[in-house]
Amino acid sequence: MKLTINGEEREIDAPGEMPLLWALRDVAGLKGTKFGCGIASCGACTVLVNGVPRRSCVAPLDSIEGEVTTIEGLVGADGELHPVQKAWAEGNVAQCGYCQSGQIISAVALLSEIPEPTDEDIDINMNNLCRCGTYPQIRTAIRQASAEMKSSTSSAAKTDKVEG
Ligand code: FES
Ligand code: FES
């Protein structure tokens, strides 16, 4: 079957009932998305499907319609790190790192839905598990990414105004 992954159309030779996570890691060779629980509980396997977070360990391939974005496909302006990845790196969020691609993908989804989330918004929407307890650092990084995305949006708007 054909699947659009990170902007590229890929031919995936796998049965339709195969979980998306298996196809991403073992067929498409994208190992950034992790296997944790396999029962939709931990969020380590989170990817975006049409911008919406999805637990890929329980998503059969034949249920996927649209564009899949994994951690490898996140890019910011000019091919740099996405602001969420940048905030994660600057805040030294990761400890063992195992849950972090799922956390970053979930944070990207949260900020596209709620650009300036409150602590409550973060607590409600960021329900991926982290055995290392990096929750406070995750919250700080989301706030930083939110501020950076807001300031780059307003400078882009100013440039448009000047050029327009
Ligand atoms: S591996 Fe998918 S939610 Fe845990
Ligand atoms: S950083 Fe280790 S599980 Fe989250």
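Residue numbers run consecutively from 1 along every chain, following the written order of its sequence. Following the order in which they are written, the chains are lettered starting with A and the ligands numbered starting with 1. Residues qualify for local features only when their pLDDT is at least 70, as the model is predicted, and side-chain atom pairs are given and counted only at 80 or more; totals for whole chains, interfaces and linings, by contrast, use all residues. Heavy atoms throughout the structure, all of them, feed into the side-chain values; hydrogens and water do not.

> Any details on the domain arrangement of the protein? Residues and values, ideally.
Note: domain ranges come from an automatic or database domain assignment. Each assigned domain of the protein is listed with its residue range as follows: domain 1 (2–74) and domain 2 (83–154). Averaged C-alpha coordinates put domain 1 and domain 2 at centres separated by 21 Å. Take the accessible area each of two parts loses on contact, using a 1.4 Å probe, and add the two losses: that sum is the buried area. Summed over both partners, the interface of domain 1 with domain 2 comes to about 1200 Å²; 62% of that surface belongs to carbon and sulfur atoms. Just to be clear on terms, a salt bridge is a Lys or Arg side-chain nitrogen sitting within 4 Å of an Asp or Glu carboxyl oxygen. On inspection of domain 1 and its partner domain 2, the count reaches zero salt bridges. In protein, a polar contact requires one atom able to donate a hydrogen and another able to accept it; more generally it is a pair of N or O atoms within 3.5 Å, and residues adjacent in sequence count only if both atoms are side-chain atoms. Applying the counting rule to domain 1 against domain 2 returns six residue pairs in polar contact (both at pLDDT 80 or more). Secondary structure is summarised from DSSP: a helix means a run of H or I of at least four residues, a strand means a run of E of at least two, and numbering begins at the N terminus for each. For the side of domain 1 that touches domain 2, the elements supplying multiple residues, two or more each, are β3 (46–49) and β4 (52–55). A total of three residues in the side of domain 1 that touches domain 2 trace back to one element, the largest contributor, which is β3. Looking at the side of domain 1 that touches domain 2, its residues break down into eight nonpolar, nine polar and two charged. Classes in brief: Ala, Val, Leu, Ile, Met, Phe, Trp, Tyr, Cys and Pro nonpolar; Asp, Glu, Lys and Arg charged; the others, Gly included, polar.

> Let's hear about the pairing of β3: which residues, and what values?
We call a residue buried when its accessible area falls under 20% of the maximum for its residue type, exposed when it is over 50%, and partly exposed in between, using a 1.4 Å probe and counting protein chains only. Judged by which residues are buried, β3 turns out to be covered on both faces: Thr46 and Leu48 on one side and Val47 and Val49 on the other are all buried. The sheet contact formed by β3 and strand β5 (residues 67–69) spans two bridges and is antiparallel. Residue pairing across strands places Leu48 opposite Thr69, the latter belonging to β5. In this scheme, strands are said to pair when DSSP sees at least two bridges between them.

> If you had to explain helix α1 (residues 20–27) to someone new, which residues and values would you point to?
Residues of α1 that are buried include every one of Leu20, Leu21, Ala23 and Leu24, and no others. For this analysis, residues touch if any pair of their heavy atoms sits within 4.5 Å. Close packing links the buried residues of α1 with β1 (2–5), β3 and β5. The positive-phi residue at the C-terminal boundary of α1 is Gly29, with phi of around 75 degrees.

> I'd like a rundown of the nonpolar core, residues and numbers included.
Val84, Trp88, Ile104, Met126 and Ile142 are the most contacted members of the largest nonpolar core, which has 20 residues in total. When residues are assigned to domains, this core turns out to be shared by domain 1 (2–74) and domain 2 (83–154), each giving three or more. Discounting chain neighbours no more than four positions away, the residues touching Ile142 are Trp88, Ala107, Leu110, Leu111, Pro117, Ile122 and Met126. By convention a nonpolar core is built from buried Ala, Val, Leu, Ile, Met, Phe, Trp, Tyr and Cys residues, the set being connected through side-chain atoms within 4.5 Å. In terms of nonpolar packing, the next biggest core, distinct from the first, is built from 16 residues, Leu24, Leu30, Leu61 and Val68 among them.

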